[in-house]
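An overview of the molecular structure
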Amino acid sequence: MSMVHPVPGAAPSTATTTAPSNVPAPTANGAPLVEVTDLRMFFPITQGTVFTHHVGDVRAVDGVTLSVRRGETLGLVGESGCGKSTAGRAILRLYRPTDGRIVFDGTDITHLEGGALRRMRRRMQMIFQDPYASLNPRMTAAGIVGEPLDIHQIGTTSERRTRVRELFEVVGLDPEYGERYPHEFSGGQRQRIGVARALAVNPDLIIADEPISALDVSIQAQIINLLERLQSQFGLTYVFIAHDLSVVRHISDRIAVMYLGRIVELAGSRELNERPMHPYSVALLSAVPIPDPVVESRRRRVILKGDVPNPAAPPPGCHFHTRCWLRERLGNPAECETVAPPLVDALPGHAVACHFADRVAGTPEASASADLASSLRAGGGAVGTARPGQVTS
Amino acid sequence: MPTTDGPLLSVRDLVVRFRTHDGTVHAVNGVSFDVAEGETLGLVGESGCGKSVTNLAVMRLLPKPAGHIEGGEIRFEGIDLTKASEAQMRDLRGSDIAMIFQDPMTSLNPVLTIEEQMVETIRAHRPVGQKEARDRAIELLRMVGIPNPELRLRSFPHHFSGGMRQRVMIAMALALEPKLLIADEPTTALDVTIQAQVLELLQRLTTERGTAVILITHDLGVVAGMASRINVMYAGFVAETASTPVLFAEPRHPYTVGLLHSMPRLDSPEGEPLIPIEGTPPDLRRAPVGCPFAPRCAWRLPRCWEANPSLQPLVGGEPIVTTGPGVTHRIACWNPPTADEARIGRPLREGFVPAPPPGAAGTGAAASGTGGDVVVFAAGGDGQDGGTAAAGHSPEPAAPGRRS
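This one's a predicted model, so the numbers in the text were calculated from it and none came from an experiment.

Reading the values: rules and limits
- Residues numbered from 1 in each chain as written.
- Chains lettered and ligands numbered in written order.
- Predicted model: local features only at pLDDT ≥ 70, side-chain atom pairs only at ≥ 80, totals over all residues.
- Helix = DSSP H or I, 4+ residues; strand = E, 2+ residues; numbered from the N terminus.
- Buried ≥ 20, exposed ≤ 12 C-beta atoms within 10 Å, placed from the backbone.
- Contact = placed C-beta atoms within 7 Å.
- Pairing = 2+ DSSP bridges.
- Axes fitted to C-alpha atoms, helices over the stretch in contact; angles between N-to-C directions.
- Domains from an automatic or database assignment.
- Nonpolar A, V, L, I, M, F, W, Y, C, P; charged D, E, K, R; others polar.
- Parallel < 35°, antiparallel > 145°, perpendicular 65-115°, else oblique.
- Left-handed = near helix turned anticlockwise from the far one by under 90°.
- Core = buried A, V, L, I, M, F, W, Y, C linked by C-beta atoms within 7 Å.
- pLDDT = per-residue confidence, 0-100.

1. With respect to the overall build of chain B
From N to C terminus, chain B includes 15 helices and twelve strands. Per-residue burial for chain B yields a buried fraction of 52% across its 404 residues. Within chain B, residue pairs in contact and separated by at least 24 positions form 67% of the contacts whose partners lie at least 6 positions apart.

Structure below.
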């Protein structure tokens, strides 16, 4: 099981929380629960078997700054290899960050170790992508859900048993299934067990790393609705990591778009959808297929050239410049290749990392997403079914 | 005897089963459809719905010894492929019917260069020399947008990224100008921006050449933009078939309606809740009784538990068109949602309650009270998979043995 696995023996404690001193002022929707500043997570590439030497780094997360507000859902979206999972895991301190600072509820956890880290982890849990690999096949469902309680020594044995039954009910599983083993459950049920395990210690923050990607289409909505219900029931804060922008948009209050280890755009979910300001976000939005042939036939798709470059040798300057459609249109300005654009607020609450973000609006590519958002708001329909009479095409 | 009239491919009452240690898997249970020259048919469904198995049967590539075609016929240009010899099939594969798989890494040979693989394919089917075949390979790689094709020919598959490998697969599949291309989840393993590239390429090349395509996918968004006609499959049956615009504007099978309402859409109004399909896909090791979707269906009637509806036209009395944009809209359902219900995603009829399973009905109120379905639909909650839908049945085992 790849769950957070502290050694038993830590006393449950809330004493580690110290008053925040240099944390930025709380923003609109409440105080930030997590503050990440200039986080870097490099994985060394080594050569040789006996005498290994360091030949380079995979720069998985390369200077990420973000905050997660209490009670919100922050979506982290990007393509494979963009560092979204690594960023999520680094926030939980499953890694020792190369550089930067992570503050959780006022406590700097960047360099916490041992018991202190274990106590913090009681407040942050993770839900994994693969419900097949993330549950120990030799443990019963009840054992899996109750393990965090054992580890953190919460309650007596009978209290724990009651709590496990409660958790089963909360996630929509029959408590009688507690004695079964993971292989006796379907994918969706397994993911519910994973959710129950994450809830067991009453965490403040849950990092969900692609929690529905491994599930069948008809099951995905069950888990999304479950996560949404639990959030309002228990006041949870989520970091929702996924590659599917339509799912992320549905569940998130704010969305951070990542590309090659950096956040390129961070904005409210609706704002990002209607007014993307980074050329990459525009392309990503336009590439998401929409299950409606009428919409699809009208859409203008931005097809990016080539593949995502190797994160061990990212392009200089703006990481996206090798594939950027806007740079090409502007006559390949030199700035893009030399200067990494910082993530700055272009509008209140809408940060973007592009030298020419102001030139995105008004391009046919960008207005396509705005049109899509506004036309459908006007139409009011959600599903193709909502607009009968459009069978004309 | 072979004729060239009629559709390019015609599948009739195809039944495919797998004999495994765990019992017989009822993978495809009587599927019929046609594909005309040059058209793109989308096959949509979840894992285990039989969409891939149907096409492996067409290619006669079912895993041996477990997989068997147990009934029906598959006519390609009039020839019944279920009876064709292995030699006939070998001639057909690649040159008349080509296939692209989900994972290009496992369908390319890792120890041969791209050149060796492409030249081998071309020369196996065409009487051309090494040089000519190589030139053709270069031309094909250029066509699918691989830079420096002369150099890349000498590369091994692992030198390419996922998107590039899928391009190589497309080049190889189109090398012999097949009449039918079967693309099985061609972009599922790819990132969304790469998916857009590959789909655009696939659409452009097949349109230019007039290649018919069967596009297999679980993603309704992908077929919406690509296919002219769609078969929605569930548990080895075709649940609904219609032209793409009709299917999305007027879905009439509860499963199609459920799928459309359970996916978040990039353009849906904010805060709109998803309506999940309750329960889990059926265990295909049990022989189908009644409508396979009944345990998960909000519209089910008592008869849905007992009799499996056949695929029937929505409007009777007209001749059935099985190919092209004017295809007849057909569904397999005893109690189809009305247009309003399809729009909302749940039954609107006053006091309508999905019929409890036959066993539960017999034991009266106690069973239906614990059934859960009623409660779940009324609450519109996140639903439960497994347990609730199987009320009245023995608690459902896991769902291994599913194949797709």
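2. Thoughts on the overall build of chain A
Summing up its helical and strand segments, chain A has 13 helices and twelve strands in all. Long-range pairs, those at least 24 residues apart, make up 68% of the contacts in chain A between residues at least 6 apart in sequence.

3. Notes on the sheet that holds strand β12 (residues 330-331) of chain B
Residue and element names in this part refer to chain B. In space, the eight strands of this open sheet follow the order β6-β7-β8-β3-β9-β10-β12-β11, with mixed pairing throughout. Edge positions in the open sheet fall to β6 (97-100) and β11 (312-313), since each of these has one partner strand only. Contacting β6 and β7 (180-184), helix α7 (residues 162-174) runs over the sheet at an angle of about 175° to β6.

4. Brief notes about the domain arrangement of chain A
Where interface size is quoted, it is often the accessible area lost as the parts come together. Residue and element names in this part refer to chain A. Segmentation of chain A into domains returns domain 1 (34-45 + 58-258) and domain 2 (277-350 + 357-379). A separation of 30 Å is found between the C-alpha centroids of domain 1 and domain 2. On the side of domain 2, eleven residues touch domain 1, which itself brings ten residues to the contact. Those elements that provide at least two residues to the side of domain 1 that touches domain 2 are β2 (53-69) and α7 (245-251). A breakdown of the residues in the side of domain 1 that touches domain 2 according to their chemical character gives five nonpolar, three polar and two charged.

5. Remarks on the domain arrangement of chain B
Residue and element names in this part refer to chain B. Domain annotation of chain B identifies domain 1 (9-227) and domain 2 (243-390). Computed over C-alpha atoms only, the centres of domain 1 and domain 2 are separated by 32 Å. Each partner contributes residues to the interface: domain 1 has 18 residues there, and domain 2 has 13 residues. Going through the elements one at a time, β2 (23-35) and α9 (220-226) are the ones with two or more residues in the side of domain 1 that touches domain 2. When its residues are assigned to classes, the side of domain 1 that touches domain 2 shows nine nonpolar, five polar and four charged.

6. A closer look at the packing of α7 of chain B against helix α8 (residues 192-209) of chain B
All names here are of chain B. Following both chains from N to C, one finds α7 and α8 inclined at 15°, their axes separated by 10 Å at the closest point. Viewed along their axes, α7 and α8 adopt a mutual orientation that is roughly parallel. For the pair α7 and α8, the sense of crossing is right-handed. Within the contact between the two elements, α7 uses Gly 162, Gly 163, Gln 166, Arg 167, Ile 170 and Leu 174 and α8 uses Ile 194, Gln 197, Val 198, Leu 201, Leu 202 and Leu 205. Counted by class, the contact of α7 with α8 contains seven nonpolar, four polar and one charged residues.

7. Description of the sheet that holds strand β6 (residues 124-127) of chain A
All names here are of chain A. One open sheet accounts for eight strands, arranged β6-β7-β8-β3-β9-β10-β12-β11; its pairing is mixed. Each having just a single partner strand, β6 and β11 (344-347) make up the two edges of the open sheet. Each strand of the sheet is rotated relative to its neighbour by a mean of 25°, with strand direction disregarded. Sheet analysis places strand β3 (residues 73-77) next to strand β8 (residues 237-242), joined by five bridges and oriented parallel. Note that in β8 the partner of Leu 76 across the bridge is Ile 241. Running at roughly 175° to β6, helix α5 (residues 187-199) makes contact with β6 and β7 (205-209) of the sheet. Against the sheet, helix α9 (residues 279-287) makes contact with β9 (254-259) and β10 (262-268), and its axis sits at roughly 105° relative to β9, the strand it touches most.

8. Section: the nonpolar core
By size, the foremost hydrophobic cluster in this structure holds 216 residues, and its most contacted members are Val 257 and Ile 263 of chain A together with Ala 239 of chain B. For this core, the element with the highest residue contribution is α7 of chain B, accounting for eight residues.

9. Section: helix α2 (residues 114-121) of chain A
Three or more residues of α2 of chain A are buried, namely Arg 118, Arg 119, Met 120 and Arg 121 of chain A. Those residues of α2 of chain A that are buried lie in contact with β4 (99-104), β5 (107-108) and β6 of chain A.

10. Some thoughts on helix α3 (residues 141-151) of chain A
One turn of the α-helix equals 3.6 residues, which is why residues spaced by three or four share an orientation. Residue and element names in this part refer to chain A. Most of α3 sits inside the fold, with eight of its eleven residues counted as buried. Among the residues of α3, Ala 141, Ala 142, Ile 144, Val 145, Gly 146, Pro 148, Leu 149 and Ile 151 are the ones counted as buried. For α3, the elements touching its buried residues are α4 (157-170) and α5. Positive phi shows up at Gln 153, right after α3, with a value of about 50°.

11. Description of unusual backbone geometry
Along the chain, Lys 64 of chain B connects to Pro 65 of chain B via a cis peptide bond; the corresponding omega equals 5°. Along the chain, Pro 65 of chain B turns up in the loop between α1 (51-59) and β4 (67-76). Of note in the backbone geometry, Gln 153 of chain A takes a positive phi value of approximately 50° without being a glycine. One can find Gln 153 of chain A in the loop between α3 and α4. Despite not being glycine, Ala 235 of chain B shows a phi value in the positive range, around 50°. Its location among the elements puts Ala 235 of chain B in the loop between β9 (229-234) and β10 (237-243). Classification of Ala 235 of chain B as buried rests on a count of 25 C-beta atoms within 10 Å.

12. Examining the confidence of the model for chain B
Residues and elements named next belong to chain B. Scored by pLDDT, chain B comes out at a mean of 85, with 88% of its residues at no less than 70. Here residues 362-404 is modelled with pLDDT under 50, and outside its nearest four sequence neighbours on either side it reaches 98 contacts, counting other chains as well. For this predicted complex, the interface confidence comes out at an ipTM of 0.80, alongside a pTM of 0.84.

13. Things to note about the environment of Ser 262 of chain B
Summarising the element assignment, Ser 262 of chain B is placed in helix α11 (residues 254-262). Between the alpha carbons of Ser 262 of chain B and Gly 345 of chain B there is a distance of 9.1 Å; along the sequence they are 83 residues apart. In this view, Ser 262 of chain B contacts Val 217, Ser 218, Gln 220 and Ala 221 of chain A together with Leu 274, Ile 275, Pro 276 and Ile 277 of chain B; residues no more than four positions away in its chain are not counted.

14. Here we look at the pairing of β10 of chain B
Residues and elements named next belong to chain B. Of all seven residues making up β10, seven are buried, and the element is well covered by its neighbours. The pairing of β9 with β10 spans six bridges and is antiparallel. Bridging across to β10, Ile 230 finds its partner in Ala 242. Taking the residues between adjacent antiparallel strands as the criterion, β9 and β10 are bridged by two residues, where Ala 235 takes a positive phi near 50°. With two bridges joining them, β10 and β12 adopt antiparallel strand pairing. Counterpart to Thr 241 in the pairing with β12 is Arg 330.

15. Looking at the confidence of the model for chain A
Of all residues in chain A, 87% attain a pLDDT of 70 or more, and the chain-wide mean is 85. With pLDDT under 50 throughout, residues 378-393 of chain A is counted as low confidence; its partners more than four residues away or in other chains account for 35 contacts.

16. Some words on the pairing of strand β8 (residues 212-217) of chain B
Residue and element names in this part refer to chain B. The element β8 is extensively covered by neighbouring structure, given that six of its six residues are classed as buried. Across the two faces of β8 the burial is the same, with Ala 212, Ile 214 and Ile 216 and Val 213, Leu 215 and Thr 217 all buried. Pairing of β7 with β8 involves five bridges; the strand directions are parallel. For Leu 180, the partnering residue across the bridge sits in β8 and is Ala 212.

17. Some words on the environment of Tyr 177 of chain A
Residues and elements named next belong to chain A. Considering the arrangement of structural elements, one finds Tyr 177 in the loop between α4 and α5. We classify Tyr 177 as partly exposed; it has 19 C-beta atoms within 10 Å. In this structure, the C-alpha to C-alpha distance between Tyr 177 and Glu 166, residues eleven residues apart in sequence, is 13 Å.

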